Amino acid sequence: MSQLDGFDGLFRLDGKVALISLCSRGLGFHAATAFLRAGACRVILVSRNAEGPQGLNQAVQRLNGLQGTKEKAVAFAVDISSTKGVGGLVTRVRGIEKHIHILVASAAATWGGPFEDTPDAAVAEALDMNVRSVYNLIRVLPHLPMADPARIVIVGSVAGFMVPHVDENGTIIYAVSKAAVHHMARQLAVELGPRNIVTNAIAPGFFPSKLANGLIERLGGPEKLNALNPRLRLGEPLNIAGAMLYLCSRAASYMNGVVLPLDRGEHLTAGAKRKYR
Ligand SMILES: NC(=O)c1ccc[n+]([C@@H]2O[C@H](COP(=O)([O-])OP(=O)(O)OC[C@H]3O[C@@H](n4cnc5c(N)ncnc54)[C@H](OP(=O)(O)O)[C@@H]3O)[C@@H](O)[C@H]2O)c1
């Protein structure tokens, strides 16, 4: 019988340094909380705003107030859509850490509305932010010495492999950008695998958040959407925490190039939300 050597701590992140983009609130914040609770020695938070009730400072304060996490969370206020901003981020990260073991690369510019009416500026912004800035962030950060086993997790969306909403609730260019980053994860898996860096993507369904709440309300609110989900619930913080922790722990060290849907199977119910007549 196998003894499963190394089983202890399979889901722990002791001694790991993680950098998470888009994390003063929402999904990134839940990931940061999970990483610290699993033993990460430092979590570097990146969002644009330091101040305010949803800014980085309050996030750092909350994270450093968890049991045993004193001073382990730090934050840099950076606009990741700016190459200059990302360049400055690398310098600042190098100033405090020699190694980054985990990079969560996320971006979210969205536009909702009919296909024909989408302004060109919204198309450009979604592709620029959701695809180009993720690419640039990953491209620059692996130049930091990444210790074994390094992880990149790209935050995509189930919108990247199904067509959940159309017409006035359409998010076509957001969905296209998310499909692009799913494929970026596959490309990077092969490109960076030999350098001891594994890349996967996570594709969440609806998790209530500032970004998602507007569309959740337009579609009838959480209760209506709960009823459409095969598990009768929208995503909750613990769900994103568990999936992120899995992908970044030793438990998933053999996974590379996988896009993990995290929506309780809702993407398998394509067509349920539109009447064609
Ligand atoms: N929630 C969902 O249902 C859902 C579903 C599928 C995928 N996702 C994906 O999950 C990720 C996080 O979304 P969320 O729902 O957690 O959104 P959220 O709660 O609105 O949080 C977005 C975070 O991103 C930061 N941010 C926005 N623009 C930025 C920029 N240019 N540079 C740096 N930071 C920036 C925000 O802070 P500042 O405003 O201070 O910068 C905030 O911390 C996105 O990639 C999104 O596409 C979400």
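Note that the structure is a prediction, hence the values are computed from the model and not measured.

Visitor: What's the story with the site of the ligand in this structure? I'm lost.
Guide: In the vicinity of the ligand lie 29 residues, with Ser-24, Arg-48, Tyr-174, Phe-207 and Ser-209 positioned nearest. Within the contact set of the ligand, an oxygen atom lies 2.7 Å away from a side-chain nitrogen or oxygen of Ser-24. Leu-211 is positioned with one of its backbone polar atoms (N or O) 3.1 Å from an oxygen atom of the ligand. Its free accessible area being 880 Å², the ligand has 95% of it covered by the protein chains. Elements that contribute at least two residues to the shell around the ligand include exactly α1 (26–37), α5 (172–192) and α6 (210–218). Sorting elements by how many residues they give to the shell around the ligand places α6 first, with three residues. Class assignment for the residues of the shell around the ligand results in 15 nonpolar, nine polar and five charged.

Visitor: Explain α5 to me, please; I cannot follow it from the model alone.
Guide: In an α-helix, one turn spans 3.6 residues, which is why side chains three or four residues apart end up on the same side. Under the 1.5 Å per step criterion, the end-to-end length of α5 is 30 Å for 21 residues, consistent within 8% with the ideal 30 Å. Turning to α5, its buried residues are Ile-173, Tyr-174, Ala-175, Ser-177, Lys-178, Val-181, His-182, Met-184, Ala-185, Leu-188, Ala-189 and Leu-192. On its buried side, α5 packs onto α4 (120–140), β5 (150–155), β6 (197–204), α6 and β7 (259–262).

Visitor: Can you walk me through the pattern of salt bridges in this structure?
Guide: Where charged atoms from two side chains of opposite charge come close, those side chains can pair. Evaluation of the coordinates by the stated rule reveals four salt bridges. Note that Asp-14 is salt-bridged to Arg-12, the shortest N-O span being 2.8 Å. Residue classification places Arg-12 among the partly exposed positions, given a relative accessible area of 37%. Where Arg-42 meets Glu-97, a salt bridge forms, and the shortest distance between an N and an O atom there is 3.2 Å. On the criterion of sequence distance, the pair formed by Arg-42 in strand β2 (residues 42–47) and Glu-97 in the loop between α3 (83–96) and β4 (102–105) is long-range, its members being 55 residues apart. Assigned by exposure class, Arg-42 and Glu-97 land together as buried.

Rules of the game
Residues numbered from 1 in each chain as written. Predicted model: local features only at pLDDT ≥ 70, side-chain atom pairs only at ≥ 80, totals over all residues. Heavy atoms only, no water. Near = heavy atom within 4 Å. Polar contact = N/O pair within 3.5 Å; in protein donor to acceptor, adjacent residues only side chain to side chain. Areas by Shrake-Rupley, 256 points an atom, 1.4 Å probe, with all protein chains shown as cover. Helix = DSSP H or I, 4+ residues; strand = E, 2+ residues; numbered from the N terminus. Nonpolar A, V, L, I, M, F, W, Y, C, P; charged D, E, K, R; others polar. Expected span 1.5 Å × (residues − 1). Buried < 20%, exposed > 50% of the residue type's maximum accessible area, 1.4 Å probe, protein only. Contact = heavy atoms within 4.5 Å. Salt bridge = Lys/Arg side-chain N within 4 Å of Asp/Glu carboxyl O.

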